[in-house]
Amino acid sequence: MSRSSVLSSARSDSASPRTWRLIESWDASPEFNMGLDEALLDDPGAPPTLRLYTWSPDTLSLGYFQKWADVPAAANAATVVRRITGGGAIHHQAELTFSIVLPQTHALFRDPVPLSYERIHAALIAALSEFGVEAALAGPGGLRSDREQTGMCFHASTPLDVAWGTRKGAGSAQRRRGGRVLHHGSIKLGSTPLEGEIATLEEFLPAENVVQTFAAALLRAMETSFAVRFERQEPSAAEQSAARRLGERYSSAAFLHRR
Amino acid sequence: MRPDDRHYLPSHEWVKSDGDTVVFGITDFAVEELSHGNEDDLVYCDLPEPGRKLAQGETFGEIESVKAVADLNSPLPGEVVEVNKTIEDHLQVLARDPWDKGWLIRVKPDDTSTSHLLDAEGYEASLGKADG
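What counts and how
Residues numbered from 1 in each chain as written. Chains lettered and ligands numbered in written order. Predicted model: local features only at pLDDT ≥ 70, side-chain atom pairs only at ≥ 80, totals over all residues. Heavy atoms only, no water. Salt bridge = Lys/Arg side-chain N within 4 Å of Asp/Glu carboxyl O. Helix = DSSP H or I, 4+ residues; strand = E, 2+ residues; numbered from the N terminus. Buried < 20%, exposed > 50% of the residue type's maximum accessible area, 1.4 Å probe, protein only. Pairing = 2+ DSSP bridges. Axes fitted to C-alpha atoms, helices over the stretch in contact; angles between N-to-C directions. Core = buried A, V, L, I, M, F, W, Y, C linked by side-chain atoms within 4.5 Å. Contact = heavy atoms within 4.5 Å. Parallel < 35°, antiparallel > 145°, perpendicular 65-115°, else oblique. Left-handed = near helix turned anticlockwise from the far one by under 90°. Nonpolar A, V, L, I, M, F, W, Y, C, P; charged D, E, K, R; others polar. pLDDT = per-residue confidence, 0-100. Buried area = accessible area lost by both parts, 1.4 Å probe. Polar contact = N/O pair within 3.5 Å; in protein donor to acceptor, adjacent residues only side chain to side chain.

Attention shifts here to the pattern of salt bridges. A side chain of one charge can pair with a side chain of the opposite charge when the charged atoms of the two come close. Residues and elements named next belong to chain A. For the structure on display, the rule yields 27 salt bridges over all chains. Notably, a salt bridge pairs Glu239 with Arg21, separated by 2.9 Å at the nearest N-O pair. One end of the pair, Glu239, is in helix H5 (residues 237–247); the other, Arg21, is in strand E1 (residues 19–28), and 218 residues separate them in sequence. Exposure remark for Glu239: the relative accessible area of 9% places this residue in the buried category. In this structure Arg21 comes out as buried when scored by relative accessible area, which is 6%. Put simply, Asp111 and Arg119 hold a salt bridge, and the shortest N to O gap is 2.8 Å. The class of Asp111 is partly exposed, set by a relative accessible area of 28%. On the basis of relative accessibility, which here comes to 1%, the residue Arg119 falls in the buried class.

See the structure below:
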């Protein structure tokens, strides 16, 4: 499928809502970040939502099926959570996370899973191009950033990841439940000790306001790619309450050590 | 047409009678949705232990492909009596044959009513529904 047809198939459905809610959560706790994503996933009445968020404190998140023992960094990390999406571990430092929550029947998600990745990552690639980043899908054959036995997501590339300079710089994971989809995405803005040798935006964006600068570009790209308009809103009181309640388990010993 | 010897959930699980038990699985559509034709893209599957009691519609496990984690939902209530250990270790079996060798769990049902489930024709029709 050509890039243009991948994009057009995400926006050609006339029944898919054209206005999405945008929730920004800067320096939010890991439990709140995870809890709010789950609350939105399990609420069939929630409007189409894009979240952009950063984490405080810096956090290591493990994938849902990932074995604790396969992530050496987990034992020494100050703050660790386990996600409900799959994939490898991510160090949420110098990084922007986004989540998209929609019904599975939405044009963005109704086709096989890999096509949804192509559509979303096409928007990421468009945003990156604003800063002169020549990003593309990684394709087969691996990347120079691949490392064995770290358990880190950015050290284990797949063909649908976003890469520049032959290194992985953005990746995604999904959870599908109850006819709805939660899509997580992570873009590395700077390097961290746990994720050496990966692609970052350090050489492309000034350090000052890097999160806000890239976030604005990402919004522009998604508005164009998905033919939507974003309305900034805060989560409702009920959503915030659900986020706090659901968020508790993400850092619990039982959940962290489920595998 | 998908097999007409079983019933279906809209979320792509199937249930088939086998004596006094029933067998659960997922459809080729679900497999294709997760793996897009690449059988190695199915990477993990968590299934319940025998003895677990399931309610109708309850999530009894999860399956992960390279790019998504999806819930597995119970078409009927009952008690798990057997788990397909083969596919837990070799998910390619599920990818290659979701209708027979790729079965997931065997359940002793509390209720065998299928009125809430789709027959093969109804499941096919559900796949063709657009976003409303």
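Next up on the list: the sheet that holds strand E4 (residues 80–82) of chain A. In a beta sheet, neighbouring strands pair by backbone hydrogen bonds and run either parallel or antiparallel. All names here are of chain A. Within the open sheet, the three strands sit side by side as E4-E3-E5. Their pairing is mixed. Of all strands in the sheet, those with a lone pairing partner are E4 and strand E5 (90–92), marking the two edges. The average undirected angle you get between the axes of adjacent strands in this sheet is 25 degrees.

What follows is about the nonpolar core. Leu50, Phe98, Ile100, Ile187, Phe214 and Leu218 of chain A are the most contacted members of the largest nonpolar core, which has 39 residues in total. The dominant element in this core, judged by the number of residues it contributes, is helix H4 (residues 210–226) of chain A, at nine residues. Excluding residues within four positions of it along the chain, Ile100 of chain A makes contact with Trp20, Thr49, Leu50, Leu108, Phe109, Ile120, Val181, Leu182, His183, Met222 and Phe226 of chain A. By size, the runner-up hydrophobic cluster in this structure holds 32 residues, among which are Ala30, Leu34, Leu72 and Leu76 of chain B.

Attention now goes to the sheet that holds strand E9 (residues 105–109) of chain B. Spatially, six strands are ordered E1-E2-E3-E9-E8-E5 (chain B) in an open sheet, and the strand pairing comes out antiparallel. With one partner strand each, in any of the chains shown, strand E1 (7–8) and strand E5 (53–54) of chain B form the two edges of the open sheet.

What follows deals with the packing of helix H3 (residues 113–129) of chain A against H4 of chain A. Residue and element names in this part refer to chain A. Relative orientation of the contacting elements H3 and H4 amounts to 130 degrees, with a least axis distance of 8 Å. With respect to each other, H3 and H4 are oriented oblique. The element H3 and its partner H4 pack so that their crossing is right-handed. Within the contact between the two elements, H3 uses Arg119, Ile120, Ala123, Leu124, Ala126, Ala127 and Leu128 and H4 uses Phe214, Ala217, Leu218, Ala221, Met222, Ser225 and Phe226. Looking at the contact of H3 with H4 residue by residue, the classes come out as twelve nonpolar, one polar and one charged.

Let's shift gears to helix H1 (residues 28–35) of chain B. Residues Ala30, Val31, Glu33, Leu34 and Ser35 of chain B constitute the buried set of H1 of chain B. His36 of chain B, located one to two residues past H1 of chain B, shows a positive phi value of around 50 degrees.

Overall, the prediction assigns chain B a mean pLDDT of 93, with 97% of residues at 70 or greater. Here the prediction assigns the complex a pTM of 0.91, and the interface score ipTM is 0.83.

So, on to the interface of chain A and chain B. Residue-level contacts link 30 residues of chain A with 17 residues of chain B. For the pair chain A and chain B, the summed buried surface comes to about 1900 Å²; carbon and sulfur atoms form 52% of the total. Here chain A is connected to chain B by five salt bridges. Summed over the shared surface of chain A and chain B, the result is 14 residue pairs in polar contact (both at pLDDT 80 or more). Taken together, the elements giving at least two residues each to the side of chain A that touches chain B come down to H3 and strand E9 (167–177) of chain A.

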